[in-house]
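Commentary on secondary and tertiary structure
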Amino acid sequence: METHKAKRVEVTIEAVMETRLTDALVKAGVTGFTILPVLGGSGRSGQWSREGQVSRAGGMINVVCIIRPEKLEALLKAAFAVVERHIGVVSVTDCEVLRAERF
């Protein structure tokens, strides 16, 4: 089966920033993404958990985008404009997809 090169971009950010981030991605030409809740983790500030929290204020989300390589720069600029002033991580990995026309 033929595969096509793509980029997988993951943005982990505070849950309250979800709309701001997704609006910026759409304006940058991203046509699809998936939003996942982050249950906990560990970072520079130590270990944390979403357990026992009643609001989104202390939670995190992970936004996953798979895009064509030529769209990467616009996506990164849009994501960084949101992430640079908040807690967040942006990662990029190479991947391959089966149906390139969907990206």
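Let's shift gears to the sheet that holds strand β2 (residues 34-38). Within the open sheet, the 4 strands sit side by side as β2-β5-β1-β6. Their pairing is antiparallel. Of all the strands in the sheet, just β2 and β6 (88-97) have a single pairing partner and so form its edges. Neighbour to neighbour, the strand axes of the sheet diverge by 20° on average, direction disregarded. For strand β1 (residues 4-14) and β6, the ladder comprises 10 bridges, and the chain directions are antiparallel. Looking at β6, one finds that Thr12 is bridged to Val89. In the packing of helix α1 (residues 18-27) onto the sheet, contacts are made with β1, β2 and β5 (60-67), and the angle to β5 comes to roughly 10°.

Here we take up the nonpolar core. Counting 19 residues, the largest nonpolar core has Val11, Ile13, Leu21, Leu25, Cys65 and Leu75 as its most contacted members. At the level of elements, β1, α1, β5 and α2 (72-83) are the ones that each hand at least two residues to this core. In terms of residue count, α2 provides more of this core than any other element does, 6 residues in total. Discounting residues that sit within four places of it in the chain, Leu75 has contacts with Val9, Leu25, Ala28, Val30, Cys65 and Ile67.

The sheet contact formed by β1 and β5 spans 8 bridges and is antiparallel. Counterpart to Val9 in the pairing with β5 is Cys65.

Take the side chain of Thr22 next. If you trace the backbone, Thr22 turns up in helix α1. Taking relative accessible area as the criterion, Thr22 reaches 11% and is therefore assigned buried. The residues contacting Thr22, other than those within four sequence positions of it, are Phe33 and Ile35.

If you check which residues of α1 are buried, you get Leu21, Thr22, Ala24 and Leu25. Buried residues of α1 fall within an arc of 160° about the axis and therefore sit on the same side. Exposed residues on α1 whose side chains face more than 90 degrees from its buried face are Thr19 and Lys27. Summarising the contacts, the buried residues of α1 are in contact with β1, β2, β5 and α2. Once α1 finishes, Gly29 follows within two positions and takes phi at roughly 95°, a positive value.

Thresholds, definitions, all that
- Residues numbered from 1 in each chain as written.
- Predicted model: local features only at pLDDT ≥ 70, side-chain atom pairs only at ≥ 80, totals over all residues.
- Heavy atoms only, no water.
- Pairing = 2+ DSSP bridges.
- Helix = DSSP H or I, 4+ residues; strand = E, 2+ residues; numbered from the N terminus.
- Axes fitted to C-alpha atoms, helices over the stretch in contact; angles between N-to-C directions.
- Contact = heavy atoms within 4.5 Å.
- Core = buried A, V, L, I, M, F, W, Y, C linked by side-chain atoms within 4.5 Å.
- Buried < 20%, exposed > 50% of the residue type's maximum accessible area, 1.4 Å probe, protein only.
- Arc of directions from axis to C-beta.

Interpretation note: all reported values are geometric properties and have no functional meaning in isolation.
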